[in-house]
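Coordinates in review
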Amino acid sequence: MNQRTHAWIAIRAAALLADEKECSGIVKLLKPFVRAAAAGAWLPDKGDAKIGGADTDNHVLKMEPYSGPQQERFTLAKPELLKKLGSERAMAAFLAADKVLSNEWWEAAYKADPKPGQHLADRAGALATTITDLLIMGDSDLANLLPRPFPFAEELDEKCRTSREQAAMYLFMQSHFIADACMPCHCDARKLSSYANGLHKELESHWSTKIDSFFDEHRLAAATETPDAVLEKAKTVDKAFGITFKNEIPDLVEQDVWLEIIYICRGSFAVASIIAPPDQYPYNSTARAPFDEVLKAKPELMGEIDKVALHDAVLNVAITWKHMWKRLGADQQ
Ligand SMILES: [Zn+2]
């Protein structure tokens, strides 16, 4: 996804948490920094931040058919995946209604083999643990927002404790990886899903043309609007994608960010396989599936893909942030 899209997703997720009103602390933490959200939400795609080279195919869990040992580990039948995705994700409704992928497709094993450092679930899960640790070491300003006190932090040197700015930056950074998991091409190992092969870049450009240029990093950073106005502006983008939110953020199905991202990626791989069905675009072929042919020429499908990717990217970020925040309050030992 492009910079504008990543910034919008992060800000829209903050607006969703604000509207839900269940976790006021995290809203108070994020809201003052929404004009700087692009700095965090786009940081993982900045050239210098791409450890392992500025490869545009970073941040992936690209799956393909698998015939090696332990195939049951890499098999997830449709009813099980739908259960894992829960009832609130647009992806679940889209896959439930799909007729393109056969039972045979769903019963096969699929596995990803990302290069070190690129694995989306690893990145999002590692940040979940890191951010939790950073939050409980928060300085006195940040500690005031947390769901309960962590007295050990008061014994730390104030300079070693996490500021609100740092906590917000890391949360926005995490949103990047959660959003990337919702991009079908990031989860499909076929050549047709490579960044510059006719579908991936074009689909991402299509999304960013529907998002107000207000969310471009320099414009956003220079914005004079209040944080509340920025949240409201993010909400106005919903209609461009035909999406609505219930203002109810469900719990993390698996109570584990890593596993949740694995399931989302598995769903995104299925979505990619619906956009470019494997009987026309086999997994071992190098054929291209141009955006104009597989999506632009099918406005109904494209509208559904927009909803699945963008609605769920926002919801998945909000689900993850809410889960992490609530765990801080629940972990009484
Ligand atoms: Zn990325």
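The preceding data block contains the structure.
Below, the structure is looked at part by part. Keep in mind that this is a model prediction, so the values were computed, not measured.

Let's talk about the overall build of the protein
Looking only at helices and strands, the protein has 15 helices and 2 strands in total. Dimensions along the principal axes, computed over C-alpha positions, put the protein at roughly 60 × 45 × 40 Å. Burial status across the protein gives 55% buried among its 333 residues. Counted over contacts in the protein with a minimum sequence separation of 6, partners at least 24 positions apart contribute 81%.

Notes on helix α15 (residues 299-330)
Residues separated by three or four positions in an α-helix point in the same direction, a consequence of the helix having 3.6 residues per turn. Counted at 1.5 Å a residue, the expected span for α15 with its 32 residues is 46 Å, and the 45 Å between its end C-alpha atoms agrees. The buried count for α15 comes to 23 of 32 residues, which makes it a mostly enclosed element.

Considerations on the nonpolar core
In this structure, Trp8, Leu95, Phe215, Ile261, Leu295 and Trp321 are the most contacted members of the largest nonpolar core, which totals 111 residues. Among the elements that line this core, the one with the most residues is α15, at 16 residues. Filtering out sequence-adjacent residues up to four positions away, Phe215 remains in contact with Gln3, Arg4, Ala7, Trp8, Ile11, Leu220, Lys233, Ala234 and Val237.

Describing the coordination of the zinc ion
Those donors, His59 (ND1), His176 (NE2) and Asp180 (OD), are the protein atoms that reach the zinc ion, and they lie 2.1 to 2.3 Å from it. All donor residues of the zinc ion come from one chain, and their arrangement in sequence is H-x116-H-x3-D. Of the two residues, His59 is situated in the loop between α3 (37-42) and β1 (63-65) and His176 in helix α9 (residues 164-181); the sequence distance between them amounts to 117 residues. By relative accessible area, which is 1% here, His59 ends up buried.

Some points on the state of the cysteines
Tallied over the entire structure, the rule returns 0 disulfides. Summary of cysteine pairing: Cys187 is not part of a disulfide, and the nearest cysteine sulfur, belonging to Cys265, is at 3.8 Å.

Considerations on helix α7 (residues 120-136)
With 17 residues, α7 extends 25 Å from end C-alpha to end C-alpha; this agrees with the ideal 24 Å at 1.5 Å per step. Taken together, the buried positions of α7 are occupied by Leu120, Ala121, Ala124, Gly125, Leu127, Ala128, Ile131, Thr132, Leu134, Leu135 and Ile136. Where α7 is buried, its residues meet α2 (24-30), α8 (140-143), α9, α13 (257-275) and α15.

Digging into the packing of aromatic side chains
Across all of its chains, the model carries 10 aromatic pairs by this definition. Between Phe214 and Phe215, the ring centres sit 5.2 Å apart and the planes meet at 85 degrees, which makes this aromatic pair edge-to-face. Across the pair, Phe215 and Phe214 agree in class, each one buried. Taken together through their ring pairs, the aromatic side chains of Trp105, Trp106, Tyr110, Phe269 and Tyr283 make up a single cluster. The ring of Phe74 has Lys111 lying over it, and the distance from NZ or CZ to the ring centre is 5.5 Å.

So, the environment of Ile11
On the secondary structure map, Ile11 appears in helix α1 (residues 3-20). Remark: the alpha-carbon pair of Ile11 and Gly40, spanning 29 residues in sequence, is separated by 11 Å. Non-local contacts of Ile11, meaning those with residues more than four positions away in its chain, are made with Val34, Ala37, Phe215, Leu220, Val230, Leu231 and Ala234.

Observations regarding the pattern of salt bridges
Under the definition given, this model contains 14 salt bridges. A salt bridge links Lys322 to Glu22; its shortest N-O distance comes to 2.9 Å. Here Glu22 lies in the loop between α1 and α2 and Lys322 lies in helix α15, a separation of 300 residues in the sequence. Relative accessible area serves as the criterion here: at 4%, Lys322 is assigned to the buried category. Residue Asp188 is joined to Arg190 by a salt bridge in which the shortest nitrogen-to-oxygen separation is 3.1 Å. Accessibility assignment for this pair places Asp188 and Arg190 in one class, buried. Salt bridges sharing common partners tie together Glu20, Glu22, Lys322 and Lys326.

Observations regarding the environment of Phe74
Mapped onto the elements of the fold, Phe74 is located in the loop between β1 and α4 (78-85). Assessed through its relative accessible area of 16%, Phe74 is described here as buried. On a C-alpha basis, the gap between Phe74 and Ala109 in space is 5.0 Å, while along the polypeptide they are 35 residues apart.

Things to note about the packing of helix α5 (residues 90-97) against α13
Remark: α5 packs on α13, axes separated minimally by 11 Å, with the N-to-C direction vectors making an angle of 45 degrees. It follows that α5 is oblique to α13 by the angle criterion. Between α5 and α13 lies a crossing whose hand is left-handed. When α5 is examined against α13, the residues Met91, Phe94 and Leu95 are found in contact with a partner set consisting of Ile264, Gly267, Ser268, Ala270, Val271 and Ile274. Of the residues contributing to the contact of α5 with α13, the split by class is 7 nonpolar, 2 polar and no charged.

Thresholds, definitions, all that
Residues numbered from 1 in each chain as written. Predicted model: local features only at pLDDT ≥ 70, side-chain atom pairs only at ≥ 80, totals over all residues. Heavy atoms only, no water. Helix = DSSP H or I, 4+ residues; strand = E, 2+ residues; numbered from the N terminus. Buried < 20%, exposed > 50% of the residue type's maximum accessible area, 1.4 Å probe, protein only. Contact = heavy atoms within 4.5 Å. Expected span 1.5 Å × (residues − 1). Core = buried A, V, L, I, M, F, W, Y, C linked by side-chain atoms within 4.5 Å. Donors = N, O, S within 2.8 Å, 3.2 Å for Na, K, Ca; no water. Disulfide = S-S within 2.5 Å. Phe/Tyr/Trp six-rings, centres within 6.5 Å; stacked < 30°, edge-to-face > 60°. Lys NZ or Arg CZ within 6 Å of the ring centre and 35° of its normal. Salt bridge = Lys/Arg side-chain N within 4 Å of Asp/Glu carboxyl O. Axes fitted to C-alpha atoms, helices over the stretch in contact; angles between N-to-C directions. Parallel < 35°, antiparallel > 145°, perpendicular 65-115°, else oblique. Left-handed = near helix turned anticlockwise from the far one by under 90°. Nonpolar A, V, L, I, M, F, W, Y, C, P; charged D, E, K, R; others polar.

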